[in-house]
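# Summary of structural features
Letter by letter, the chains look like this.
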Amino acid sequence: MNTMRLQSTAEAFARFRSMAELVELVELAENKAWPLVVLGGGSNVLLSPRLEGLVIQSSNDSVTPLGLRNGRQLVKVGAGKNWHEWVCESIAYGHGLENLSLIPGSVGASPIQNIGAYGVEVGEYIESVIGYQVSTGQIRHLDRPDCRFGYRDSVFKRELKNDFVVTSVIFALKTEFIPELSYGPLASLKTDYPDTAGNCITPDKLIAKVCEIRSSKLPDPGKIPNCGSFFKNPVVSRVLYKSISGQFPAVPNYPVASAGSVKLAAAWLIDQSGWKGKRLGKVGMHDQQALVMTADDGATLDDVLALRDAVRRSVFERFGVELEPEPVLVDGSAG
Ligand code: EPU
């Protein structure tokens, strides 16, 4: 149940479909003094070998159109719906999610780290997130501003960490298909279309192209255990950026909202530190995309953490940049 395929055994496990079932499980955990762990698609977690307490997972994969509001098509989707399946189905209702094709995981997990790829972040298409706040026993609807989406960040990773169980997400899709093609490999579509027969790019073709790009660079978690990007792209001060670019003029960099900062590519930093395609025990950094850690059968959490630390150390020693891991360490003891 985790794409890194780490061996992990929970004290107790249950799936819930309705809010009533969820509330019953939360009460059970409270009565037993069990910590509660919420698992989505298991694609962004590092599980410890033994999870104390109750692990729960949504099995609600319903898709319910809610009609038009403020020019966007609203669709409510259950937290247990597979993310990629939802992206493929979403184009029957509206647009915007196409660039997020093939991201492993579930709909319920998508707002937690505000998943993003190829110039799109899911937060731009979320109207609200519905769930249960454990500490207050309240069912809550958080509108987009309340979710405080940032780069791989949201209120669910901050104030509501370990306190909120997402049960469904209401998406606000664009009614018109205006493809976001600014990201390098997608930009070729601007010249490929309209094609010689005069056909324009369609949502299906954009989804197919994104799947093709992802498959060419990122290992398929169904075949090679991994949990996507292992580190976030770091935001550094302009001063540090200047000193790095003085030495390495080709350093990839992206603008960020705050004037004194620059975002760097963690993949490039790891690659330049010599870790691309390099292994340490039963884990390694992928030979096509240095940002992805892959695991062999039998790899343990300790193997993963050892490589995490070794990569962080190398990048820090070479560039003075601290990398922050993207996947969440789940040990069941923090609740
Ligand atoms: N690069 C290297 N060596 C490598 C790989 C990449 O030098 O081994 C360089 C590339 O040449 C490029 C830069 O690093 O200049 C960035 O690489 P890429 O465009 O592949 O994207 P990324 O920044 O590494 C991010 C997301 C991915 C997302 C892609 C596409 C993060 C942490 N990762 O990767 O998201 O698919 O952009 O939008 O933001 C994920 O979060 O799990 C994930 C896969």
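Residues numbered from 1 in each chain as written. Predicted model: local features only at pLDDT ≥ 70, side-chain atom pairs only at ≥ 80, totals over all residues. Heavy atoms only, no water.

## Considering the overall build of the chain
The secondary structure content of the chain amounts to eight helices and 19 strands. Over its C-alpha atoms the chain spans a radius of gyration of 21 Å, differing by no more than 12% from the 20 Å that the globule rule assigns to 335 residues. Out of the 335 residues belonging to the chain, those deemed buried represent 48%. Averaging the positions of the 35 positive and the 37 negative side-chain charges in the chain gives two centres separated by 4 Å. (Helix = DSSP H or I, 4+ residues; strand = E, 2+ residues; numbered from the N terminus. Rg over C-alpha atoms; globule rule 2.2 N^0.38 Å. Buried < 20%, exposed > 50% of the residue type's maximum accessible area, 1.4 Å probe, protein only. Lys, Arg positive; Asp, Glu negative; His and termini not counted. Charge placed at Lys NZ, Arg CZ, Asp CG, Glu CD.)

## Describing the layout of surface pockets
Size it by volume and the second largest pocket reaches roughly 190 Å³. Met1, Asn2, Ser8, Thr9 and Leu47 are the residues nearest the centre of the second largest pocket, which is lined by 13 residues in total. Counting only elements with at least two residues in the lining of the second largest pocket, the list comes to β1 (9–16) and β4 (50–58). Tallied by class, residues from the lining of the second largest pocket come to eight nonpolar, four polar and one charged. (1 Å grid on protein atoms, 1.4 Å probe; cavity = no way out; pocket = protein on both sides within 12 Å on 5 of 7 lines; lining within 4 Å. Points joined across faces, edges and corners; volume = space filled by probe spheres on them. Nonpolar A, V, L, I, M, F, W, Y, C, P; charged D, E, K, R; others polar.)

## Looking at the site of the ligand
Around the ligand sit 24 residues, and of these Tyr118, Tyr151, Tyr183, Ser229 and Asp271 come closest. In the model, an oxygen atom of the ligand is placed 2.9 Å from a nitrogen or oxygen of the asparagine 233 side chain. Interatomic distance of 3.0 Å between a side-chain N/O atom of glutamate 326 and an oxygen atom of the ligand. In the complex, 81% of the free accessible area of the ligand, which totals 830 Å², lies under the protein chains. Broken down by class, the residue content of the shell around the ligand amounts to 12 nonpolar, five polar and seven charged. For the shell around the ligand, the two domains that each supply at least three residues are domain 2 (63–174) and domain 3 (226–330). (Near = heavy atom within 4 Å. Polar contact = N/O pair within 3.5 Å; in protein donor to acceptor, adjacent residues only side chain to side chain. Areas by Shrake-Rupley, 256 points an atom, 1.4 Å probe, with all protein chains shown as cover. Domains from an automatic or database assignment.)

## A look at the sheet that holds strand β9 (residues 126–133)
In space, the five strands of this open sheet follow the order β5-β6-β11-β9-β10, with antiparallel pairing throughout. On the outer flanks of this sheet lie β5 (63–69) and β10 (138–143), each paired with one strand and no other. The sheet shows a mean angle of 20° between the axes of neighbouring strands, taken without regard to direction. When β5 meets strand β6 (residues 72–78), the two strands line up antiparallel, connected through six bridges. The residue bridging arginine 69 from the neighbouring strand is arginine 72, located in β6. Sheet strands in contact with helix α1 (residues 19–32) are β9, β10 and β11 (164–174), and its direction is about 40° off that of β9. Against the sheet, helix α2 (residues 83–90) makes contact with β5, β6 and β11, and its axis sits at roughly 25° relative to β11, the strand it touches most. (Pairing = 2+ DSSP bridges. Axes fitted to C-alpha atoms, helices over the stretch in contact; angles between N-to-C directions. Contact = heavy atoms within 4.5 Å.)

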